[in-house]
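Fold and contact review
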Amino acid sequence: MTRSTKKFPAWAFGALIFFLFVLLAGCATLQTNFAPPPTLVNQYGTPVPPLPTLDAAQVARGKQIYQTTCARCHGENGVGAPNWKIPDANLNYPPPPHNDTGHTWHHSDRVLYEAIRDGLRDPLKPNSELRMPAFGNTLNDADINALLTYFKSLWTNEHREFQYLRTTEDVPPTTTPAP
Ligand code: HEC
């Protein structure tokens, strides 16, 4: 029995691998070009519309309100009070930043809206005085929403998306402040 000793030349083998590689890369590109945009799905498995774009006029309005009303505590451009990570003797924290370095983006629109309208106190001392003043009497609904839009303009896309998903999982703000 004779066996062919002719070998497949190495260069041809190399060319074949190269060809397959180009073919695969081509398929991958086609797939990314034609695949529908990824759908956002929140923690409840509910698909939600894409991240909304921010209205530049709302950002500007929010920034203006911020600089005149909030910056004295939270710092210019939302950088936070100096040493905002260090609690005082009562274990209360100084005003945190609202830019990407803080934790404002961890909370849904409802939580932020109600914090601005109703103020914040030490959660462990329900009858203690407000640590963050309530602005419900001086800012209206549109003002508070403009502030939220301004904050969103300070976050990376990734953090914006995180905060947007938390908002889609939450309920709308209460219509009146808690008693
Ligand atoms: C008198 C100082 C002061 C002013 C003025 C002030 N804040 Fe605050 N704010 C605080 C303090 C202090 C906290 C932290 C409260 C806590 O954690 O106990 C806070 C917390 C917050 C939080 C919660 C952030 C988080 O991640 O938990 C938001 C939102 C907020 N402020 C928005 C505003 C906005 C918007 C304005 C202006 C309309 C404003 N603040 C004006 C002192 C202030």
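Residues numbered from 1 in each chain as written. Predicted model: local features only at pLDDT ≥ 70, side-chain atom pairs only at ≥ 80, totals over all residues.

Regarding the overall build of the protein chain
Note the threshold: Numbering goes from the N terminus for both helices and strands, where a helix is a DSSP run of H or I of at least four residues and a strand is a run of E of at least two. We call a residue exposed when 12 or fewer other C-beta atoms sit within 10 Å of its C-beta, buried when the count reaches 20 or more, and partly exposed for counts in between; the C-beta positions come from the backbone. By definition, residues are in contact whenever their C-beta atoms, placed on the basis of the backbone, come within 7 Å of each other.
When helices and strands are counted, the protein chain shows six helices and two strands. Across the protein chain, helices and strands are ordered from the amino to the carboxyl terminus as α-β-β-α-α-α-α-α. By residue count, 16% of the 179 residues in the protein chain fall in the buried class. Once local pairs closer than 6 in sequence are excluded, the contacts in the protein chain between residues at least 24 apart make up 54%.

Digging into unusual backbone geometry
The phi dihedral of N83 is positive, around 55°, even though this residue is not glycine. Tracing the backbone shows N83 in the loop between α3 (71–74) and α4 (109–118). Phi at L91 is positive, roughly 65°, even though this residue is not glycine.

Some points on the environment of L54
Along the chain, L54 falls in the loop between β2 (47–48) and α2 (56–69). Owing to 14 C-beta atoms within 10 Å, L54 belongs among the partly exposed residues under this scheme. A sequence separation of 98 residues divides L54 from K152, and the C-alpha atoms of the two residues are 7.9 Å apart. In this structure L54 touches V59, T149, K152 and S153, once residues within four positions along its chain are discounted.

What to know about the nonpolar core
As a reminder of what qualifies: Remark: nonpolar core denotes a set of buried Ala, Val, Leu, Ile, Met, Phe, Trp, Tyr and Cys residues whose joining runs through C-beta atoms within 7 Å.
Membership of the largest hydrophobic core comes to 13 residues, with the highest contact counts inside it found for Y66, Y113, I116, I144, L147, Y150 and F151. If you list the elements that add at least two residues to this core, you get α4 and α5 (141–152). Ranked by residues supplied to this core, first place goes to α5 with five residues. What F151 contacts, discounting residues up to four positions off in sequence, is G78, H98 and T104.

Brief notes about the packing of α4 against α5
To keep things clear, this is the line we draw: Under this scheme, a helix contributes an axis fitted over its contacting stretch, all axes are lines through C-alpha atoms, and angles between N-to-C directions fall in the 0 to 180 degree range. Each angle gets one of four labels, with under 35 degrees taken as roughly parallel, over 145 as roughly antiparallel, 65 to 115 as roughly perpendicular, and the rest as oblique. Helix crossings are classified by the rotation of the near helix relative to the far one: an anticlockwise turn of less than a right angle makes the crossing left-handed, while a clockwise turn makes it right-handed.
Following both chains from N to C, one finds α4 and α5 inclined at 125°, their axes separated by 10 Å at the closest point. Classified by the interaxial angle, the pair formed by α4 and α5 is oblique. Once α4 is placed against α5, the crossing between them reads as right-handed. Residue-level inspection shows D109, L112, Y113, I116 and R117 of α4 in contact with α5, the latter providing I144, L147 and L148.

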